[in-house]
Every structure is written in C-alpha cells, then in structure tokens.
Amino acid sequence: MNEPVFPSADLTPLASVRERIAQAARIAQRKPEAIELIAISKTHPAAAIRPLIEEGQRVFGENRVQEAQEKWPALIEETPGIALHLVGQLQSNKADDAVALFDCIHGLDRPSLVSALGKAMDKAGRQVPCFVQVNIGAEEQKGGCPIAEVPELLASARTAGIPVIGLMCVPPVGIEPAPFFALLAKIAADHGLDQLSMGMSGDFETAILLGATHVRVGSALFGARPPFNG
Ligand SMILES: *Cc1c(COP(=O)(O)O)cnc(C)c1O
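Since this is a predicted model, take the numbers as computed values, not measurements.

### Re the site of the ligand
Thought 1: In the vicinity of the ligand there are 12 residues, among which Lys42, Ser201, Gly218, Ser219 and Arg225 approach most closely.
Thought 2: The separation between an oxygen atom of the ligand and a polar side-chain atom of Lys42 is 2.6 Å.
Thought 3: Interatomic distance of 2.8 Å between a backbone N/O atom of Gly218 and an oxygen atom of the ligand.
Thought 4: Burial of the ligand by the protein chains amounts to 88% of its free accessible area of 390 Å².
Thought 5: Residue composition of the shell around the ligand, grouped by class: 5 nonpolar, 4 polar and 3 charged.

As structure tokens, then:
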C-alpha cells in the first residue's frame, strides 16, 4: 500500500493546509517555516476567525480597510501577537488608516500610492513593510504595476522611504498559474528582492514549488465566500 498523498480527512482545515504547505516545502527542499501562511478572513465574522486563533494561527489578511477596522481591533486586543496583512487594492485616501492598522501591505502598485503611503508612514512614524503588486498577466482590468514599470516604482518607493520587501501577484483566472509565478520570481530576483507573496487556495503548493514565501489562503481555511465579495 502506498502512503496517502493528501492529509487525512480528520484534520482541521488549518492543520490540513499546514500539512500541505509542509509537503510542498519538503518537495522543494525548503524549510516549512520559511513559508508564511496568511489566513485570508475577508467576509468572515469574528466568530469564524476565533477558532483559527485558538488553533494557533497568528497571521491574517483582509482586502478592505473598513471591514478590517470593524473586525480586528477587538480581536487583536484579545490575543497579542496577531499580524494583519492588507492584500487588496488600497485607495490613496485610506493610506493613513492602512498604516495605522496593518503590519504589511501587499498592494503597492502605482506612483500615487507610493506618495500617499510614504507620507502616511512619515506622519505615523511607522514603517510598514510592503509588497509591490505586479500585474503579472498584463490584464487590463486588474490591479498591479505593469511589469515594464516595476523598476521605476521600486526606485520611487525607495526614495519615499517605504520598505519594499518583495513582489506580489494574482495570476489570471482559469489558466495554469505556474509560468506567472516563475515570472514573478524572476523579476524579484532581478531586483534583489527575496520575498514572494503568491499562491491562494487553488494553487499555493505550485507557488511554494516556485519560491513563494507568503501564501494567501482563504476558502481552504474558512470555506466558500458569498459570491461577488472579492
Ligand atoms: C481573497 C484573496 C485571497 C484568498 O483567496 P482564496 O482563493 O479564497 O484562497 C488571496 N489573495 C487575495 C489578493 C485575495 O483577494
């Protein structure tokens, strides 16, 4: 009999995702601890988040500033040591709020946001690490910096004093993501950046094989979200 490849059914969703991360890391000959699991809790209420905190999860992600402001201050007060990541599009007029609440921002993608976040960090005296989001599939309707403009955006972020720690992407829906993950890894390496925020519920193992240091996993942990809710 072969060993089962997938985690057994009696694991919790969190334990199962952790086991799958560890397995992908083993295959890639990487340390599982080198991969940060960000539990994406958007649309889910505090009552759904608390069990994951009790199970030991400390790193969470939201995609809307206002929703995070409503849910997280109370949860953070209950449990010290929570890290909150912003993974969605950020409007420049929310930069102050984002800098105050989040420990990491994944959506830095345009010059106007560099300037707003630079000012917000100066004002708050708080340097929040950021990922530059790249529009890796050159999709018209999608957020993210065009690949050709990444060098200039990185330079302006450096000038503004924003700590850019890596690159982030959301590949096109419905086609094989691996080439896009590989391309993001190459662009990051070309710029001396060693952190990669890539991989979601459907493709985080592939992302880990291609170098992801941060995987953003929502539905595999919390179940499906209502439709049209990001
Ligand atoms: C919602 C979201 C995720 C998580 O997606 P799942 O498919 O539910 O794992 C990851 N990244 C971003 C930017 C998101 O908006």
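### A closer look at the environment of Asp122
Thought 1: Along the chain, the position of Asp122 falls in helix H5 (residues 111-124).
Thought 2: Among the residues examined, Asp122 registers a relative accessible area of 57% and is labelled exposed.
Thought 3: Expressed as a C-alpha distance, the spacing of Asp122 and Gly88, which sit 34 residues apart in the sequence, is 22 Å.

### As for the packing of aromatic side chains
Thought 1: Within this structure, the stated rule accounts for 1 aromatic pair.
Thought 2: Look at Phe60 and Trp72: their rings are 4.9 Å apart centre to centre, the planes differ by 45 degrees, and that puts the pair in the tilted class. Taken as a pair, Phe60 in strand S2 (residues 59-62) and Trp72 in helix H3 (residues 65-78) lie far apart in primary sequence, 12 residues in all. Just as Phe60 is buried, Trp72 falls in that class too.

### Some details on the packing of helix H2 (residues 46-54) against H3
Thought 1: At a closest axis distance of 11 Å, the pairing of H2 and H3 adopts a crossing angle of 30 degrees. Classified by the angle their axes make, H2 and H3 are roughly parallel. Considering the relative orientation of H2 and H3, their crossing is right-handed. Side by side, H2 and H3 meet where Ala46, Ile49, Arg50 and Ile53 of the first sit next to Lys71, Trp72, Leu75 and Glu78 of the second.
Thought 2: Within the contact of H2 with H3, the residues separate by chemical class into 5 nonpolar, no polar and 3 charged.

### A short note on the nonpolar core
Thought 1: By size, the foremost hydrophobic cluster in this structure holds 63 residues, and its most contacted members are Phe60, Leu108 and Leu117.
Thought 2: Sorting elements by how many residues they give to this core places H5 first, with 6 residues.
Thought 3: Each residue touching Phe60, except ones within four places of it in the same chain, is listed here: Ile38, Ala39, Ser41, Ile49, Leu52, Ile53, Trp72, Ile82, Ala83, Leu84, His85 and Phe222.

### Quick word on the pattern of salt bridges
Thought 1: Following the criterion strictly, the structure yields 10 salt bridges and no others.
Thought 2: The shortest N-O distance in the salt bridge between Glu62 and Lys71 comes to 2.9 Å.
Thought 3: Lys71 gets classed as buried once you look at its relative accessible area, which sits at 13%.
Thought 4: Through salt bridges that share partners, Glu62, Glu67 and Lys71 make up one connected network.

### Section: the pairing of strand S1 (residues 36-40)
Thought 1: With respect to burial, S1 is a largely interior element, 4 of its 5 residues being buried.
Thought 2: Pairing of S1 with strand S8 (residues 214-217), which is carried by 4 bridges, proceeds in the parallel orientation. The residue bridging Glu36 from the neighbouring strand is His214, located in S8.
Thought 3: Examined bridge by bridge, S1 and S2 share 2 bridges and lie parallel to one another. Note on S2: the bridge partner recorded for Ala39 is Phe60.

### Section: the UniProt feature "modified residue: N6-(pyridoxal phosphate)lysine" (unreviewed entry) in the chain
Thought 1: Per the UniProt record, "modified residue: N6-(pyridoxal phosphate)lysine" (unreviewed entry) is annotated on Lys42.
Thought 2: You can see Lys42 is positioned in the loop between S1 and H2.
Thought 3: Taking the relative accessible area as the measure of exposure, Lys42 reaches 10% and is therefore buried.

### What about the UniProt feature "domain: Alanine racemase N-terminal" (unreviewed entry) in the chain?
Thought 1: Taking the numbering used here, the UniProt-annotated feature "domain: Alanine racemase N-terminal" (unreviewed entry) corresponds to residues 16-226.
Thought 2: Summarising residues 16-226: 42% helix, 16% strand, and an end-to-end C-alpha distance of 23 Å.

### Some words on the environment of Gln66
Thought 1: Looking at the secondary structure, you find Gln66 in helix H3.
Thought 2: When the C-alpha positions of Gln66 and Asp97 are compared, they lie 8.7 Å apart, and in sequence the two are 31 residues distant.

Quick notes on the rules
Residues numbered from 1 in each chain as written. Predicted model: local features only at pLDDT ≥ 70, side-chain atom pairs only at ≥ 80, totals over all residues. Heavy atoms only, no water. Near = heavy atom within 4 Å. Polar contact = N/O pair within 3.5 Å; in protein donor to acceptor, adjacent residues only side chain to side chain. Areas by Shrake-Rupley, 256 points an atom, 1.4 Å probe, with all protein chains shown as cover. Nonpolar A, V, L, I, M, F, W, Y, C, P; charged D, E, K, R; others polar. Helix = DSSP H or I, 4+ residues; strand = E, 2+ residues; numbered from the N terminus. Buried < 20%, exposed > 50% of the residue type's maximum accessible area, 1.4 Å probe, protein only. Phe/Tyr/Trp six-rings, centres within 6.5 Å; stacked < 30°, edge-to-face > 60°. Axes fitted to C-alpha atoms, helices over the stretch in contact; angles between N-to-C directions. Parallel < 35°, antiparallel > 145°, perpendicular 65-115°, else oblique. Left-handed = near helix turned anticlockwise from the far one by under 90°. Contact = heavy atoms within 4.5 Å. Core = buried A, V, L, I, M, F, W, Y, C linked by side-chain atoms within 4.5 Å. Salt bridge = Lys/Arg side-chain N within 4 Å of Asp/Glu carboxyl O. Pairing = 2+ DSSP bridges. UniProt positions renumbered as here; feature names shortened; annotations may be inferred.

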